[in-house]
Every structure is written in structure tokens, then in C-alpha cells.
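In case you want the letters, here they are:
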Amino acid sequence: MIQVSNLSKFYGEKRAISGLNFKLEKGEIVGLLGLNGAGKTTTIRILTGYLIPSAGDASIDGKSIFDFPLEAKQKIGYLPETPPLYEDMTISEYLQFVGRIKKIEDSKLNSEIEKVIEKTNLIHVKDKLIGTLSLGYRKRVGIAQAILGDPEIVIMDEPISGLDPKQIVEIRSLIGSLAGNHTVLISSHILTEIYKTCDKFLFIHKGSLKQELSLSRLEEEMNRLAGWEVGLSGKPKEELVQFMKTVLSGNDTVTEMGTGKEEEMFLVRTTNPKQFKESLFSKALSSGIQIESLKKQEVSLEQIFMEKI
Ligand SMILES: Nc1ncnc2c1ncn2[C@@H]1O[C@H](COP(=O)(O)OP(=O)(O)OP(=O)(O)O)[C@@H](O)[C@H]1O
């Protein structure tokens, strides 16, 4: 649905993005991930028509957004990192204002506003002045204006930055609820917070696309990097070391982690955790070895990211 081809942008001599190519399929939620300064905002500003690229093209359903800018803008709802909210308007007044700019028909405007107010959970504050709202509520108003009129594509720049953990959970579930009916592009440098909401990830670094991964591929990568901590007892250390070697298969590796209170600790890296666990349990049983503990190490999306760039 959205095709980005060879997109580049220079600010004077400064190269912000360079030769970006990617595709967003209809109904997908895609995470645009990168450190500060990677080029996320520049990419988003080009896609939303706020910046002209130095080279390259972007099209929606085959039509260039630069040749048909109004048509493209009608299809896109945009949440900038700092939404331009009018502090002296109430939420309802502001959404009326945005709805008129978006040229939503008068006969539909009130029902469309009610829909987005409900979706963004703003009913109880809809008559409050925007200037009196917390950051979390302002983000929700920003999302409400982005999805007002039911645009096919929703683009959000750092929708969860600055939010507290409770607000992050709420906004994440709101973003999840857009899946299927909307194609969503979310930029974020807080990787772990958004990854479960996305179907696909674009890793950008210093203006270039480094890797594109589906959620399932990303989870495979997490499994690959995660180690399994195993605590064993019931035999002398040397026998336990030998035993661990018999449990492994393929490219699996084991390292000794030292002696715990009543156990020897090992760290196993495996590409097939299911097979490893089956082998561990069945061989321990027949060898008279006790498994005192078995724990999977946590791998963050940041670790994967640092590997990809
Ligand atoms: N108007 C500008 N003039 C000159 N350089 C700019 C301008 N805007 C951005 N840049 C530079 O372009 C690069 C990409 O910036 P961009 O804002 O797109 O990155 P980002 O990934 O969105 O980062 P952040 O998360 O910090 O907003 C950075 O090196 C930035 O300093």
C-alpha cells in the first residue's frame, strides 16, 4: 500500500536519510526503530508531506505522494512528536476544528468525533481545556485528531515518549486496536515498549535501513540470543560437565557459570530450546542428576538492535 523508493534527504551538506526502500502492506503495524538522530522524523515528515525529499519517491497505492499531495494527505492521519494542540480550546472544540480542516461532512462530523473520543478514552475530559491536560491526555488528543475521519494510514512519531508506564500500556493497546483497519507506521527509540504491538520492524541507523524483520523473525532472534541458565546437582562437578555436553545438539554451546549454593550452574545457548529441554529432562532422569533450576535469560529488543546496526 505504501512504497518508499530510494528516499534521501539532505539538510544542506548534512545527510539525514539515504536510499531508503521499504513497503507497508495494508493493515500492518510497522515499527520504525532507530536511535536519536537516525532519521525517523525526517522519514515521517516526508511521508506526511511536511518535507520534500532530496531524491526518491513514496507512493500510496501506486500514486506518488509528491504528484498527488492532497489525495495522499487525505489518506494519512499524522501524530507529530509534539502535536500542535490549541491550549485554549476544549478537546471537543479542537476536534471540531480539525474535522473541518479535514473537510469531514457536517452531517458526519459529530458522530466521527464521538467515535474517536470513545476510542481514545477521552469521554470524561472532552469538555476540559487542552491547556489543563497532562502529557498522557495530550498524546491521546493527538491520536484522536490523527484517526479522526478514519484515514487508511496512521503515522505516529514517538507516540509513547514521555509517558508513564500506565499511560504506555493504554496507548499501546489503543495502537493495537487500529490494526487491520488501518496501516500504521510508528517511530520510536524506546524499542521494548512497542515491539509487541508491531507486525514488522524497520531498523534504521544513520539514515540507512539496516534490517527489516517480522515479529516472528524478531522473536526467533530473541530466542537465539537468550541463554538458558541450568543448575544441576546429584553428581560430582566433572560428571555434571560431561553430562551437559551430552545434552547439547547441533550448534548448541555450554559454558560453566560457577558453583551455587547446592548446584553447579551452566549457561546454554541453543537454537532449538524445545529439543534442548526435552533432552535435558530425559537424560537427567536416567543419569540420576537433579535439575535444581532452569531459567531463560531475558533479551531486550535493544540487544537485537545493537546487533543489527
Ligand atoms: N532542520 C534540520 N537541519 C539540519 N539537520 C537536521 C535538521 N533536522 C534534522 N537534522 C539532522 O538529521 C538527522 C536525522 O534527524 P531526525 O530528526 O530525522 O532523526 P530522528 O531519528 O527522528 O531522531 P530523534 O529521535 O532524535 O527525533 C540528525 O542528524 C539531525 O541532527
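Residues numbered from 1 in each chain as written. Predicted model: local features only at pLDDT ≥ 70, side-chain atom pairs only at ≥ 80, totals over all residues. Heavy atoms only, no water.

## Brief notes about the nonpolar core
We apply this condition: Nonpolar cores are built from buried Ala, Val, Leu, Ile, Met, Phe, Trp, Tyr and Cys residues. Side-chain atoms within 4.5 Å join them into one set. The buried label applies to any residue whose accessible area, calculated with a 1.4 Å probe on protein chains only, is under 20% of its type's maximum; exposed applies above 50%, and partly exposed to all values in between. Secondary structure elements are taken from DSSP: a helix is a run of H or I of four residues or more, a strand is a run of E of two residues or more, and numbering for both begins at the N terminus. The source of the domain bounds is an automatic or database domain assignment. Whether two residues are in contact is decided by their heavy atoms, any of which lying within 4.5 Å being enough.
Counting residues in each nonpolar core, the largest one holds 47 residues, and the members touching the most others are I91, L95, V141, M156, F203 and L218. Sorting elements by how many residues they give to this core places helix α5 (residues 135-147) first, with five residues. Mapped onto the domain boundaries, this core takes at least three residues apiece from domain 1 (2-221) and domain 2 (226-307). Leave out the neighbours within four places in its chain, and V141 touches L85, I91, Y94, L122, I130 and L133.

## Some remarks on the site of the ligand
Defined as follows: For this description, a residue counts as near a given molecule or strand if any of its non-hydrogen atoms is within 4 Å of it. In protein, a polar contact means a hydrogen-donor-capable atom and an acceptor-capable atom, both N or O and within 3.5 Å, with residues adjacent in sequence counting only if both atoms are side-chain atoms; elsewhere, any N or O pair within 3.5 Å suffices. Note on areas: these come from Shrake-Rupley sampling with a 1.4 Å probe, and a residue is covered only by the protein chains present in the view. In this classification, the charged set is Asp, Glu, Lys and Arg, the nonpolar set is Ala, Val, Leu, Ile, Met, Phe, Trp, Tyr, Cys and Pro, and all remaining amino acids, among them Gly, are polar.
Around the ligand sit Y11, K14, A16, L35, N36, G37, A38, G39, K40, T41, T42 and E158, and that is every residue in its neighbourhood. K40 places a polar main-chain atom, nitrogen or oxygen, 2.9 Å from an oxygen atom of the ligand. For the ligand, whose accessible area on its own is 630 Å², the fraction buried by protein is 62%. Where the shell around the ligand is concerned, the elements lending two or more residues are β2 (14-24) and α1 (40-47). Here the shell around the ligand is composed, by residue class, of four nonpolar, five polar and three charged.

## Some points on the domain arrangement of the protein chain
Filter applied, for reference: The quantity reported as buried area is the accessible area (1.4 Å probe) lost by two parts once they are put together, taken as the sum for both.
According to the domain assignment, the protein chain consists of domain 1 (2-221) and domain 2 (226-307). One C-alpha centre belongs to domain 1, the other to domain 2, and the line joining them spans 43 Å. Taken together, the contact pairs 10 residues of domain 1 with six residues of domain 2. Summing both partners gives a buried area of about 780 Å² for domain 1 against domain 2, and 77% of it is carried by carbon and sulfur. Counting across the domain 1 and domain 2 interface gives zero residue pairs in polar contact (both at pLDDT 80 or more). Of all the secondary-structure elements, those providing two or more residues to the side of domain 1 that touches domain 2 are α7 (191-194), β9 (200-205) and α8 (215-225). Its residues assigned to classes, the side of domain 1 that touches domain 2 shows seven nonpolar, two polar and one charged.

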